[in-house]
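Spelled out from the first residue to the last, the chains are:
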Amino acid sequence: MVWLQQNDYFDPDRLNMPVIGIAAEMGQHDSGFHRHNMGQLLFTRRGCIKITLANQISILPPTRVAWIPAKTRHRAEMRGSVGYRSIYLDTDLNASETALLSNQSEVLEATPLLQALLERIAISSFDSDWSQGKGANLLAVFFDEIREARREPTLLPLPSDRRLTPLSLEQLPPPLHILAIDIGASEKTITRIFHRETGMNYQQWRQQWRLVKAIELLAQNKTLSYIAQELGFANDSAFVTFFRKVMGRPPREYIKNYTPNISKN
């Protein structure tokens, strides 16, 4: 493991190791688009990380971990104080274990045990022996937890059609009839574009945007009233009902179960 300063350059592919962990305390940071030959598990102890892939975005709060397969082009953006952690896996040397992970990016729920394992591996020294003894036992439990982890529908697919360029991803997307006026295309055309490029109709996509944005605001400790207003819900209750229906639990329960920070000293 290495503790990085915010602007340090780090290339895991140069180390030729099967498992690599890094940790950093980040303020505002943008990695820019890049890729690794190793697979990456990305998570945060505090704050949230915005992950952008070729045609998807997601928000990663402390209770979730993102899997980014080897050679996947991606970008990580952080705002405010973030306890950044990454684990890089050589998918050739760990072939039997990493076969448990998808060849597509995905977001997994991190139980308290999985969070503890992620932290332990992330802060382990670079010369740790993962092939036998304590290291091998730790990895075995880790991959068991990864296998059992709940996969979450928190990746938002992005349309690429140039007619949708004016559509902001930072503010609540307008209703379909307003969007049609804004971009000068019919509602039927917009619906066809979204089905083709995201697999959803526009209303479904807008609801998915609300979900991803809600997770970001929850990770920032915004009140339910604030989130409901920002996302265009009539009141707190309407927002909580929406969130529970999609995620199977109320908003505060979704975000609460993460462990306290561990000092690097």
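Described below are features of the structure shown in this document.

What counts, and at which threshold
Residues numbered from 1 in each chain as written. Predicted model: local features only at pLDDT ≥ 70, side-chain atom pairs only at ≥ 80, totals over all residues. Heavy atoms only, no water. Helix = DSSP H or I, 4+ residues; strand = E, 2+ residues; numbered from the N terminus. Rg over C-alpha atoms; globule rule 2.2 N^0.38 Å. Buried < 20%, exposed > 50% of the residue type's maximum accessible area, 1.4 Å probe, protein only. Contact = heavy atoms within 4.5 Å. Areas by Shrake-Rupley, 256 points an atom, 1.4 Å probe, with all protein chains shown as cover. 1 Å grid on protein atoms, 1.4 Å probe; cavity = no way out; pocket = protein on both sides within 12 Å on 5 of 7 lines; lining within 4 Å. Points joined across faces, edges and corners; volume = space filled by probe spheres on them. Nonpolar A, V, L, I, M, F, W, Y, C, P; charged D, E, K, R; others polar. Pairing = 2+ DSSP bridges. Core = buried A, V, L, I, M, F, W, Y, C linked by side-chain atoms within 4.5 Å. Phe/Tyr/Trp six-rings, centres within 6.5 Å; stacked < 30°, edge-to-face > 60°. Lys NZ or Arg CZ within 6 Å of the ring centre and 35° of its normal.

1. Some words on the overall build of the protein
Here comes step 1: In terms of helices and strands, the protein carries nine helices and 12 strands.
Here comes step 2: Relative to its length of 265 residues, the protein is compact, with a C-alpha radius of gyration of 19 Å against a globular reference of 18 Å.
Here comes step 3: Oriented by its inertia axes, the alpha-carbon framework of the protein measures out at about 60 × 35 × 35 Å.
Here comes step 4: When the 265 residues of the protein are sorted by exposure, 49% land in the buried category.
Here comes step 5: Restricting to contacts in the protein with at least 6 residues of sequence separation, those with at least 24 account for 71%.
Here comes step 6: Per element, the accessible surface of the protein, about 13,000 Å² overall, is 48% carbon and sulfur.

2. Concerning the layout of surface pockets
Here comes step 1: Considering only enclosed or pocket space, the second largest pocket measures out at about 340 Å³ in volume.
Here comes step 2: Along its surface, the second largest pocket is lined by 23 residues, and Cys48, Ile59, Glu216, Ala219 and Gln220 are the ones closest to its centre.
Here comes step 3: Here the element with the most residues in the lining of the second largest pocket is helix α6 (residues 202-219); it accounts for six residues.
Here comes step 4: Within the lining of the second largest pocket, the residues separate by chemical class into 13 nonpolar, three polar and seven charged.

3. So, unusual backbone geometry
Here comes step 1: For Asn16, which is not a glycine, the phi torsion comes out positive at approximately 55°.
Here comes step 2: Of the residues examined, Asn16 reaches a relative accessible area of 68% and is grouped as exposed.

4. Comments concerning the sheet that holds strand β3 (residues 29-30)
Here comes step 1: An order of β3-β8-β5-β6-β12 is seen for the five strands of this open sheet, with the pairing classed as antiparallel. If you trace the sheet from one side to the other, it starts and ends with β3 and β12 (156-157), each paired once.
Here comes step 2: In the sheet, strand β5 (residues 49-52) pairs with strand β6 (residues 56-60) via four bridges, with the strands oriented antiparallel. The residue bridging Ile51 from the neighbouring strand is Ser58, located in β6.

5. Section: the side chain of Ser105
Here comes step 1: Here Ser105 lies in the loop between α1 (95-98) and β10 (106-109).
Here comes step 2: On the basis of relative accessible area, Ser105 is assigned to the buried category, the value being 17%.
Here comes step 3: Other than its neighbours up to four places away in sequence, Ser105 contacts Leu53, Trp67, Ile68, Pro69, Thr72 and Leu155.

6. A few points about the nonpolar core
Nonpolar side chains in soluble globular proteins tend to end up buried together.
Here comes step 1: In this structure, Ile190, Trp205, Phe239 and Phe243 are the most contacted members of the largest nonpolar core, which totals 36 residues.
Here comes step 2: Where this core is concerned, the elements lending two or more residues are β6, α4 (176-183), α5 (187-198), α6, α7 (224-230), α8 (236-247) and α9 (251-256).
Here comes step 3: Considering each element in turn, this core owes the most residues, 10 residues, to α6.
Here comes step 4: Aside from chain neighbours lying at most four places away, what touches Phe239 is Ala214, Leu224, Ile227, Ala228, Leu231, Phe233 and Pro251.

7. A closer look at the environment of Trp205
Here comes step 1: In this structure, Trp205 sits in helix α6.
Here comes step 2: For the pair Trp205 and Gly80, spaced 125 residues apart in the sequence, the C-alpha separation amounts to 28 Å.
Here comes step 3: Trp205 has contacts with Leu156, Pro157, Pro159, Leu167, Leu169, Pro173, Phe194, Thr198 and Met200, leaving out every residue within four places of it along the chain.

8. Remarks on the packing of aromatic side chains
Here the distance between the centres and the angle between the planes together describe a pair of aromatic rings.
Here comes step 1: Taken as a whole and judged by the stated rule, the model has eight aromatic pairs.
Here comes step 2: Consider the rings of Phe194 and Tyr202, whose centres lie 5.1 Å apart with planes at 70°: the pair is edge-to-face. Across the pair, exposure class does not vary: Phe194 and Tyr202 are buried alike.
Here comes step 3: Each ring, one from Phe233 and one from Phe242, has its centre 5.1 Å from the other, and the planes form 40°; the classification is tilted. With respect to burial, Phe233 and Phe242 carry one shared label: buried.
Here comes step 4: Aromatic ring contacts, followed pair by pair, group Phe233, Phe239, Phe242, Phe243 and Tyr254 into a single cluster.
Here comes step 5: The ring of Tyr254 has Arg64 sitting right over it, with the charged end atom 3.8 Å from the ring centre.
Here comes step 6: Here the basic side chain of Arg73 rests over the ring of Phe33, its NZ or CZ set 4.1 Å away from the ring centre.

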